[in-house]
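Remarks on the overall topology
Okay, here's what each chain looks like letter by letter:
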Amino acid sequence: MHKRTYNTYWIRKAKKEKGDIFRLPLPVDFSTRLLKRKLTVTLAYLSPIAANKQAYRSAQLWFTIDDGEKGLVPNRQNTEWQTVRKGTLQHEIFMGENPIVWDDDNLVIKVNCKREAGNFREAIPYCLFVSFEVAEGFDVDLYTEVTAKIRQRVQVPNN
């Protein structure tokens, strides 16, 4: 495993007109140097269908990225934001390299769910895959730093 890459995934179920928020801690100081970074996010889900409608998916899920308008990964690569939301798989790559002030903030990814072609009662199963990496040639141990931040959040009581 490359120490300059952090990969994670979540498996959840989305309810109609609700959203889930995922916070990825990134404890790297991006303000002191030009550091190329790449965020890859993939959302895959199984939607019930409405066979009698042209728009057959009963539910639509999509994700949005919120970095507090700091420009962590401002450039969407090889896609148009509306086109990638048309199916049941949304895969996007975001890049950035400008110095920004990042004070141990979280990268926030929100998964949204709405009714599209028909009504549905059950929650929609989905999986969100996230990969964050920095370019080679920089002395950054991203994996260890992010893992330590996640462990700080998860407090396991001693019994």
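Scroll up a little and you will see the structure.
About the criteria used
- Residues numbered from 1 in each chain as written.
- Predicted model: local features only at pLDDT ≥ 70, side-chain atom pairs only at ≥ 80, totals over all residues.
- Heavy atoms only, no water.
- Helix = DSSP H or I, 4+ residues; strand = E, 2+ residues; numbered from the N terminus.
- Polar contact = N/O pair within 3.5 Å; in protein donor to acceptor, adjacent residues only side chain to side chain.
- Core = buried A, V, L, I, M, F, W, Y, C linked by side-chain atoms within 4.5 Å.
- Buried < 20%, exposed > 50% of the residue type's maximum accessible area, 1.4 Å probe, protein only.
- Contact = heavy atoms within 4.5 Å.
- Pairing = 2+ DSSP bridges.
- Axes fitted to C-alpha atoms, helices over the stretch in contact; angles between N-to-C directions.
- Phe/Tyr/Trp six-rings, centres within 6.5 Å; stacked < 30°, edge-to-face > 60°.
- Lys NZ or Arg CZ within 6 Å of the ring centre and 35° of its normal.
- Lys, Arg positive; Asp, Glu negative; His and termini not counted.
- Salt bridge = Lys/Arg side-chain N within 4 Å of Asp/Glu carboxyl O.
- Patch = residues over 30% accessible without salt bridge, like charges linked within 9 Å, V, L, I, M, F, W, Y side chains within 5 Å.
- Areas by Shrake-Rupley, 256 points an atom, 1.4 Å probe, with all protein chains shown as cover.
- Charge placed at Lys NZ, Arg CZ, Asp CG, Glu CD.

For the rest of this paragraph, the subject is the side chain of aspartate 67. Structurally, the position occupied by aspartate 67 is in the loop between strand S4 (59-66) and strand S5 (75-77). At 2.6 Å, the side chain of aspartate 67 and the backbone nitrogen of leucine 72 are in polar contact.

Inside soluble globular proteins, nonpolar side chains tend to come together where they are buried. Counting residues in hydrophobic clusters, the biggest one holds 32 residues, and the most contacted among them are Leu61, Tyr126, Leu128 and Phe132. Breaking this core down by element, the ones donating at least two residues are strand S1 (5-14), strand S2 (19-25), strand S3 (37-45), S4, strand S7 (106-115), strand S8 (124-134) and helix H1 (142-153). Ranked by residue count, the leading element in this core is S8, at six residues.

For valine 111, the position within the fold is in strand S7. The spatial distance from the C-alpha of valine 111 to the C-alpha of tryptophan 62 is 5.6 Å, given a sequence separation of 49 residues. With sequence-adjacent residues up to four places away left out, valine 111 is seen in contact with Lys18, Gly19, Asp20, Phe22, Leu43, Leu61, Trp62, Phe63, Tyr126 and Leu128.

Here we take up the sheet that holds S8. Backbone-to-backbone hydrogen bonds join strands into a sheet, with any given pair of strands oriented parallel or antiparallel. Taken in spatial order, the five strands make up an open sheet running S1-S8-S3-S6-S5, and their pairing is antiparallel. Of all strands in the sheet, those bounded by a partner on one side alone are S1 and S5. Ignoring strand direction, the axes of neighbouring strands in this sheet form an average angle of 20°. Pairing geometry for S5 and strand S6 (residues 89-96), over three bridges, is antiparallel. When the sheet's bridge partners are listed, asparagine 75 is paired in S6 with methionine 95.

This part is about the packing of aromatic side chains. Tallied over the entire structure, the rule returns two aromatic pairs. Geometrically, the ring pair formed by tryptophan 10 and phenylalanine 22 is tilted, given 4.6 Å between the ring centres and 35° between the ring planes. In this pair, tryptophan 10 sits in strand S1 while phenylalanine 22 sits in strand S2, placing the two residues 12 residues apart along the sequence. The pair formed by tryptophan 10 and phenylalanine 22 is uniform in burial state, with each residue classed as buried. Sitting over the face of the ring of phenylalanine 120, lysine 16 holds its NZ or CZ atom 5.7 Å from the ring centroid.

Right, let's get into the side chain of arginine 37. Here arginine 37 is to be found in strand S3. The charged side chain of arginine 37 is buried without a salt bridge, its nearest counter-charge being aspartate 67 at 7.5 Å. A polar side-chain atom of arginine 37 sits 2.7 Å from the main-chain carbonyl oxygen of leucine 72.

So, about a positive patch on the surface. A cluster of basic side chains, namely Lys16, Lys53, Arg115 and Arg121, defines a positive patch on the protein surface. As for its position among the elements, arginine 121 is in the loop between S7 and S8.

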